[in-house]
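# Summary of structural features
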Amino acid sequence: MSKFPRWSAGLFQLFIKELRSIKADPIMLVLVLYAFTLAVYSVSTSASTELRNLAVAVVDEDDSQLSRRLIEAIQPPIFQQAAKLSPRDVDVALNEGRYVFVLDIPPNFERDVLADRPAELQVEIDATAMVFAGNGVVVLQNVIANEISEFRYGGGLETTAPVRLVMRNAFNPNLNSVWFGALMQVMNNVTMLTLILSGAALIRERERGTVEHLLVMPVGASQIVLAKILANGLIIVAAATLSLVFVVQLLLGVPIQGSVALFLLGTTIYTLSIASMGILVATFSTSMAQFGLLAIPVLIVLNLLSGSATPMESMPVWLRYVMQSLTTTPHFVSFTQAVLFRGGGFPLVWQYLLIFLAFGAAYFLVSLARFRSAVLRG
Amino acid sequence: MTEPVARLDGVSHRYGKRLAVDDLTLAIPAGCMAGLIGPDGVGKSTVLGLLAGVRRLQTGHVETLGGDMAVKRVREAASPRIAYMPQGLGRNLYPTLTVFENLDFFARLFGQGAAERQERIRDLLTATGLDPFPDRPAGKLSGGMKQKLSLCCALIHDPDFLILDEPTTGVDPLSRQQFWDLIDTIRVRRPQMSVIVATAYMEEAERFDWLAAMDDGKVIAEGSPDEVRAKAGKDTLEEAFIALLPEEKRLGYQSVEVPPRVVTPDEVPAIEAEGLTCRFGDFTAVDHVSFRISKGEIFGFLGSNGCGKSTTMKMLTGLITPTEGWTKLFGQSLAGNELEIKQHVGYMSQSFSLYTELTVRQNLDLHAHLFFIPADEIAARIDEMLDTYDLRDVADSFPDSLPLGMRQRLQLAVAVIHRPSILILDEPTSGVDPVARDSFWRTLITLARDHGVTIFISTHFMNEAARCDRISLMHAGKVFAVGAPQELAEQRGKATLEEAFVSYLKEASGIPEEAPVATAEETAALEAATNAAPAAAARPRRFDPGRLWAYARRETMELLRDKIRLYFALLGPVLLMITFGYGISFDVENLTFAVYDQDRTPESRELMENFSASRYFSEQPEISSEGELQNRLKSGDVNIAIEIPSGFGRDVMASRQPEVAVTVDGSMPFRAETARGYVTGLAAGYASELAAQRGQAVPSVSIETRFRYNQAFKSVNAMVPSVIMLMLVLIPAIMAAIGIVREKETGSIANFYSTPISKAEFLLGKQLPYVGVALLSSVILFLLALYLFQLPLKGSFGLFAVGTFLYIISTTGFGQLVSTFTRSQVAAVVATAIISIIPAVNFSGLIIPVSSLTGAGRAFGLSFPPAWYQPISVGAFTKGLGWADLWPNVLALCGFCVLFFVVSLLLLRKQDA
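Given the structure is predicted, the values throughout are model-derived calculations rather than measurements. (Residues numbered from 1 in each chain as written. Chains lettered and ligands numbered in written order. Predicted model: local features only at pLDDT ≥ 70, side-chain atom pairs only at ≥ 80, totals over all residues.)

### Concerning the overall build of chain B
Note the following rule: Helix numbers and strand numbers start at the N terminus; a helix is a DSSP run of H or I with at least 4 residues, a strand a run of E with at least 2. The globule rule is 2.2 Å times the number of residues to the power 0.38, and the radius of gyration it is compared with is taken over C-alpha atoms. Counting other C-beta atoms within 10 Å of a residue's own tells you its class, since 20 or more makes it buried, 12 or fewer makes it exposed, and anything in between is partly exposed; those C-beta atoms are placed from the backbone. Contacts here follow a simple rule: the backbone-placed C-beta atoms of the two residues must lie within 7 Å.
Helix and strand counts for chain B come out as 33 helices and 25 strands. A compact globule built from 913 residues would reach a C-alpha radius of gyration of about 29 Å, whereas chain B, at 37 Å, exceeds it by more than 25%. Its C-alpha atoms put chain B at 125 × 75 × 50 Å along the principal axes. Looking at chain B as a whole, 50% of its 913 residues are labelled buried. The contacts of chain B with a sequence gap of at least 6 include a subset with a gap of at least 24, amounting to 75%.

### Focus: the overall build of chain A
When its secondary structure is counted, chain A shows 14 helices and 5 strands. In terms of overall dimensions, chain A is more spread out than a globule: its C-alpha atoms have a radius of gyration of 28 Å, far above the 21 Å expected for 378 residues. Along the first, second and third principal axes, the C-alpha set of chain A runs to 100 × 45 × 40 Å. Residues counted as buried form 51% of the 378 residues belonging to chain A. Contacts in chain A between residues far apart in sequence, at least 24 positions, make up 80% of those at least 6 positions apart.

### A closer look at the sheet that holds strand E24 (residues 659-665) of chain B
Worth spelling out the cut-off: The pairing criterion is simple: DSSP has to find at least two bridges between the two strands. The axes are straight lines fitted to the C-alpha atoms, using for helices just the contacting stretch, and the angles between their N-to-C directions are given from 0 to 180°.
Read from one edge to the other, the open sheet built from 5 strands follows the order E5(A)-E24(B)-E23(B)-E21(B)-E22(B), with strand pairing classed as mixed. The open sheet terminates on both sides in strands that have one partner only, identified here as strand E5 (164-170) of chain A together with strand E22 (617-619) of chain B. For this sheet, the mean inter-axis angle between neighbouring strands, taken without regard to orientation, is 25 degrees. As paired elements, E5 of chain A and E24 of chain B share 7 bridges and run parallel to each other. Considered in E24 of chain B, the bridge of Arg164 of chain A is made with Glu659 of chain B.

### With respect to the confidence of the model for chain A
Interpreting fine coordinate detail is not advised for predicted regions of low pLDDT. Convention followed: What pLDDT conveys is the predictor's confidence in a given residue, as a value from 0 to 100.
Counting all residues, the mean pLDDT for chain A is 87, and 96% of those residues have values of 70 or more. Put simply, helix H2 (residues 26-46) of chain A is where chain A has its lowest mean pLDDT, 82, and helix H10 (residues 260-282) of chain A is where it has its highest, 94.

### A closer look at the domain arrangement of chain B
The criterion, for reference: Note that domain bounds follow an automatic or database assignment of domains.
On domain assignment, one finds that chain B holds domain 1 (6-250), domain 2 (294-305 + 339-509), domain 3 (545-581 + 713-907) and domain 4 (591-693). Put simply, the middle of domain 2 of chain B and the middle of domain 4 of chain B, counted by C-alpha atoms, are 80 Å apart.

### Digging into helix H14 (residues 404-416) of chain B
Residues and elements named next belong to chain B. Operational definition: Multiplying 1.5 Å by the helix residue count minus one yields the expected span of that helix.
The terminal C-alpha atoms of H14, which comprises 13 residues, lie 19 Å apart, in line with the 18 Å expected from a rise of 1.5 Å per residue. Taking burial as the measure, the 13 residues of H14 include 10 buried ones, the bulk of the element. Buried residues belonging to H14 abut strand E16 (345-348), helix H12 (360-370), helix H13 (375-388), strand E17 (422-426) and helix H15 (434-451).

### Structural notes on the nonpolar core
Let me state the cut-off plainly: Each nonpolar core consists of buried Ala, Val, Leu, Ile, Met, Phe, Trp, Tyr and Cys residues. Their C-beta atoms, within 7 Å, join them into a set.
Within the largest apolar cluster, 294 residues are counted, with the highest numbers of intra-cluster contacts made by Val56 of chain A together with Ile455 and Phe456 of chain B. When residues in this core are grouped by element, the largest group, 21 residues, is from helix H26 (residues 715-746) of chain B. With near-sequence residues (within four places) excluded, Phe456 of chain B lies in contact with Ile271, Ile293, Phe299, Phe301, Ile422, Leu423, Ile424 and Leu425 of chain B. Counting 90 residues, the second-largest nonpolar core is a separate cluster that includes Val5, Val54, Leu124 and Ala205 of chain B.

### With respect to the packing of helix H3 (residues 99-109) of chain B against helix H5 (residues 143-155) of chain B
For any two helices packed against each other, the geometry is given by the interaxial angle and the distance between the axes. All names here are of chain B. Stated formally: Here roughly perpendicular refers to angles of 65 to 115 degrees, roughly parallel to angles under 35, roughly antiparallel to angles over 145, and oblique to all remaining angles. For any pair of crossing helices, the crossing counts as left-handed if the nearer helix is rotated counterclockwise from the farther one by less than a right angle, and right-handed if it is rotated clockwise. Note that Gly is not counted as nonpolar here; it falls among the polar residues with everything else outside the nonpolar set of Ala, Val, Leu, Ile, Met, Phe, Trp, Tyr, Cys and Pro and the charged set of Asp, Glu, Lys and Arg.
For the pair H3 and H5, interaxial distance at closest approach is 9 Å and the crossing angle is 25 degrees. One element, H3, and the other, H5, form an angle in the roughly parallel class. H3 and H5 meet at a crossing whose hand is right-handed. Judged by residue contacts, Val99, Asn102, Leu103 and Phe106 of H3 engage Leu149, Cys152 and Cys153 from H5. Residues that form the contact of H3 with H5 fall into these classes: 6 nonpolar, 1 polar and no charged.

### Side note on unusual backbone geometry
At the junction of Pro76 of chain A and Pro77 of chain A, the peptide bond is cis and its omega measures out at 5 degrees in the coordinates. With respect to the helices and strands, the residue Pro77 of chain A is situated in the loop between helix H3 (65-73) and strand E2 (83-84). Even without being a glycine, Arg419 of chain B presents a positive backbone phi close to 50 degrees. Structurally, Arg419 of chain B is set in the loop between H14 and E17. Classification of Arg419 of chain B by C-beta neighbours within 10 Å gives partly exposed; the count is 13.

### What about the interface of chain B and chain A?
Across the boundary between the two partners, chain B contributes 102 residues, which contact 101 residues of chain A. When residues in the side of chain B that touches chain A are grouped by element, the largest group, 14 residues, is from helix H25 (residues 669-693) of chain B. Grouping the constituent residues of the side of chain B that touches chain A by class yields 55 nonpolar, 31 polar and 16 charged. Sheet topology note: the strand E4 (residues 119-126) of chain A/strand E25 (residues 701-708) of chain B ladder contains 8 bridges and is parallel.

### Some remarks on the environment of Gln141 of chain A
Residue and element names in this part refer to chain A. Structurally, Gln141 is set in helix H6 (residues 130-153). Overall, Gln141 belongs to the partly exposed group, with 18 C-beta atoms counted inside 10 Å. The sequence separation of Gln141 and Ala261 amounts to 120 residues, and the corresponding C-alpha distance is 45 Å.

### Describing the pairing of strand E11 (residues 271-280) of chain B
Residues in a regular strand project their side chains so that they alternate between the two faces of the sheet. All names here are of chain B. Note: E11 against strand E12 (residues 283-293), 7 bridges, orientation antiparallel. Across the sheet, Cys278 pairs through a bridge with Val286, a residue of E12. Counted along the chain from E11 to the antiparallel partner E12, the turn is 2 residues long, and its residue Gly281 has a positive phi close to 65 degrees.

### A closer look at the domain arrangement of chain A
Interface extent is often summarised as the accessible area lost during association of the parts. Once the domains are mapped, chain A shows domain 1 (3-47 + 174-377) and domain 2 (56-159). The C-alpha-based centres of domain 1 of chain A and domain 2 of chain A are spaced at 48 Å.

### So, the sheet that holds E16 of chain B
All names here are of chain B. Pairing is mixed in the open sheet, where 6 strands are placed in the order E16-E17-E18-E13-E19-E20. Since the sheet does not close on itself, it has two edges, and those belong to E16 and strand E20 (478-483), each with one partner. Between one strand and the next, the sheet's axes are offset by a mean angle of 15 degrees, whatever the strand orientation. In this sheet, strand E18 (residues 454-459) lies alongside strand E13 (residues 298-302) in parallel orientation, the contact comprising 5 bridges. For Phe299, the partnering residue across the bridge sits in E18 and is Phe456. Each of E16 and E17 touches H14; the most contacted strand, E16, lies at about 160 degrees to it.

### Quick word on the pairing of strand E7 (residues 161-165) of chain B
Residue and element names in this part refer to chain B. Where we set the bar: Place the viewer so that the strands point away; then a crossover is right-handed whenever the path from the first strand over the helix to the second strand goes clockwise.
Counting buried residues along E7, 5 of its 5 residues qualify, which places the element largely inside the surrounding structure. Of the two faces of E7, both are covered, the one formed by Phe161, Ile163 and Asp165 as well as the one formed by Leu162 and Leu164. Pairing between strand E6 (residues 82-85) and E7: 4 bridges, direction parallel. Looking at E7, one finds that Ala83 is bridged to Leu162. In this sheet, strand E8 (residues 194-199) lies alongside E7 in parallel orientation, the contact comprising 5 bridges. If you follow Leu164 over to E8, its bridge partner there is Val197. Between E7 and its parallel partner E8, the chain crosses via helix H6 (residues 173-189), and the hand of that crossover is right-handed.

### Focus on the packing of helix H11 (residues 288-304) of chain A against helix H21 (residues 563-583) of chain B
Where H11 of chain A contacts H21 of chain B, the two axes come as close as 9 Å, and the packing angle between them is 10 degrees. Relative to H21 of chain B, H11 of chain A is oriented roughly parallel. Contacts from Gln290, Leu293, Leu294, Pro297, Ile300, Val301 and Leu304 of chain A in H11 of chain A reach Ile564, Arg565, Phe568, Gly572, Leu575, Leu576, Thr579, Phe580 and Gly583 of chain B in H21 of chain B. Here the residues of the contact of H11 of chain A with H21 of chain B sort into 11 nonpolar, 4 polar and 1 charged.

### Thoughts on helix H22 (residues 602-613) of chain B
Residue and element names in this part refer to chain B. What counts, and what does not: The arc under discussion is defined with respect to the helix axis, by the directions toward the C-beta atoms.
The end-to-end C-alpha distance of H22, which contains 12 residues, comes to 16 Å, matching closely the 16 Å that a straight helix rising 1.5 Å per residue would cover. All of the buried residues in H22 are Glu603, Ser604, Leu607 and Phe611. Buried residues along H22 cover an arc of 110 degrees about the axis, so they all sit on one side. Those residues of H22 that are exposed and aimed more than 90 degrees away from the buried face are Pro602, Glu609, Ser612 and Ala613.

Below, the structure is given as structure tokens:
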């Protein structure tokens, strides 16, 4: 037999062995299953940034018909029923974090409005409630302005504006955060589990000494590493596909705009690069525990600094460059958003696939270079 | 006979379903050297553990030094009089600590003062010949030296009862002999001391005064060695042991016969090595080793653990590249012909190294394929292996469920499935019982004699070595004798191979042949060591800060020498703080927008100027068609597209309320929501500007917003203090949990079981270093917040400092609590991370304000420290609060510190299961 068929036959055997190993590890399988089903479902439906249940208090120094109308206009689900507060309790209440907003209605407010005299309402905002204060106050201002306009002119704001703004949301008409959350969760799982699975596969062989056994056989490091990358990548791509079809599309009812096939192609190449990275991290540790300590910070960094939690534009420029030039994850996030959210086609995203390939090859070569010395020393 | 030193009465012990000790009744005579013999897994270690009080008694009655070991107070009082050395080379030692530091730790545990410690350690080191290496890390000692050090640690407090569990397994014969002589000398000095030893080497048992042979949790014979031999009617203890086994175990047993080898004229040697050398850094593992082994020869490789045997074998198989020298198999060097040569080699490594997740058949199948056995022959070959190695009945079982002997047969079957002409076997029989070992050897002999396979085997057992055609003796990386076993013994004028080996070792180490093992100086030192004044306090104190400090000190030293844990503890929080600080940002800025202006009038431009002027928006080149608008949204080039219809200017002037279409990229809902807010605000501004220009009545009500605590409304101001909260729970808790579980994994937890340290001392001592590291990391985080993130500290520093300190104590305490019910480090890391992250992230105000949380979530959050600390951190940094506002939170943190400590104390067991 010539060289290449032998090499690939060995690779195939090792690939099958890896799949069997994964099959024999029920805890890992349960983790994968959980992450791609329950976790996707619960995280996307619960941990949302949609405005909900915000606590508001009103200091009503006017006690008029208008002020009471304002208080009533503040309604669930976005706000809690507004509570009344006396002026001297405002500081303590905000210090204790009891309310996000405190609306102050000054004395004689109704009279001023009716007389078209300038009047001022004040909203105190607990600006440490970062996620909700900014958007919440815009909604609150709108609610109040509308209510006043109705009270004074008998019609909402739009009747008086010089220009009619027609706002439309592309790709997600109702800004449903489940759509975003579910897909980002699938994506984060792909990154996290591929890295853990492939790294753990190598550590397991090291801890048990089986990798030595393999190296004594007519098998090379490249086959061992590649078999792990392919087998674990395959499992994750399969799980991600099922999750996308059954959990995201069917169960959560998220309409996917773009081509799922294109997404899978990209994901496949991406998992290969992340699996190589997992192997690389594993070459720096001798036991599962060490691998855990090394991998936890890496995973959190990949998770939060890749644009899936916060847009890359909001990060300092230097950090953006660091992330984009060391890891593939930010590119994967851009790729996924372009394909799945905005329905971008191959001509729009082909360069991402090249990036995944290049990074994958680089990680793979470095792990291979470290493989022998790392694996046999420990 | 005098009163026995210990006795067991009707003792049974189970591990899950497995019965390890089966209704055992035994009295161990005092003042002598007693032995428990038998192969691995017959219950020896369990018995010793029960005697030492380190294992929890399940059924029956155990009495040691006249006290009932089921009673806690009795165990506490007995513990300073007992010394327990667990199984495994240096398993109770701390590998990164030096020889001196290890001893110092044990001395402190027994409450010895500085002067006493110094003196005892010096004496013990002199007595055991370890005095030249006080500064060598224990992990870098040879097997024999590790065991001597372990013994020193056991002897540091002058015990009355010395319990040694397989102290010489894996140790070279000279060190073994020195070890026993050392024990003999100590016993001469301290005749009142009783010793019990477990061993799998039957030869060693000859020197015991009394022994009990065990099999399957039962004693099959007891008495002096002579009595046991007489009872079985055999010449050696090994033969006697086999003879005494129950009938069904001996079934099919035959003694091993080695037919003489027919020497054929040597064409090319099967294995050849010349000047083979391997260095790791400045350590030479193998030093210029050379040999030639011809086809069909059984070549034995003898030496202690760590002498370079395994490394040599790895060089032969190509696993390690030699630093110098070369090897050839069948006249071909490995380099260049690697794949071809590997086809001819079968290898079996020291520990079991097949896939436990594959069945016996799948393991064979994998190896058959990897060795390119033609596909049509594989099935037949696997069948042949299953029959030859008697694995047919277990073909579809997983290796973990098989007894050790059978697993070794499987390993051998795997190693020969491709009909190799060379077999390299690294200690294939260690830990295997004598019957299984002999059957293994019969197979080897068949392979060598009938199939001409060359066998290169390493072993500790002298009777196995005697069966080899030739053997080589190795020590400290060097081979110093090669020859037929009988010849080697004769050359030295010794009766047995073991004596010959010892004599070679002595020559190699420069020890005179007939000199007493202990020199006069050493004996004197020993006398000094063993006759030193007994430790000041005869009864152990209930709470001794000295013992606590011993643990804290040792933990700190270990931590400082473990780079990965240190990286995680100190660099981890910094890395993550930067990640979280920048990564969880809710600031929406630099929104890209582009205009599709179909009007191009001053009015339309005026509207757009409102956008370009805003700091939230950044303008992109204009859009020129409907199609381009869609494309640019798709590619993510613009977040907002604004379409101004033709006739806009005219309509505005005529107050006809023209429509402006704004399309926002909705793929990120939060960003889109914020963008809409900005657009609405700008439109309102435009409207009032327009109204003012035209002299119309401006809407009379203004809504002023005051962003309290965080005027600039920047994410970092709110997030960073919360991130400190998250970092100081996640990392200190994981570190503290690992700190304890690690000891369970490496085995040094045995020291907690067997020494007088109390649970409270242990917990506090182990917690202290992690509190220290976490404090250091909290200072770093504090400085990062101040200088990198430019956060001013508006509130009380004192409150922050005290709150942080208490918070760290509570979170490390939480980690310890988790460690009481986790067994592996992996489980500890995962469990701690999950349990601490969920309340910290979801229910402590990190993202969702606490005021928006309802019943269950709120209550869940409040039952963990983060929800109490978050207001302190945010209060001190962003809100400018002080003691008056937050003292209840500080009090709550105090409560958690106490709570976690007390619960850990209740859950921690001072005995093994």
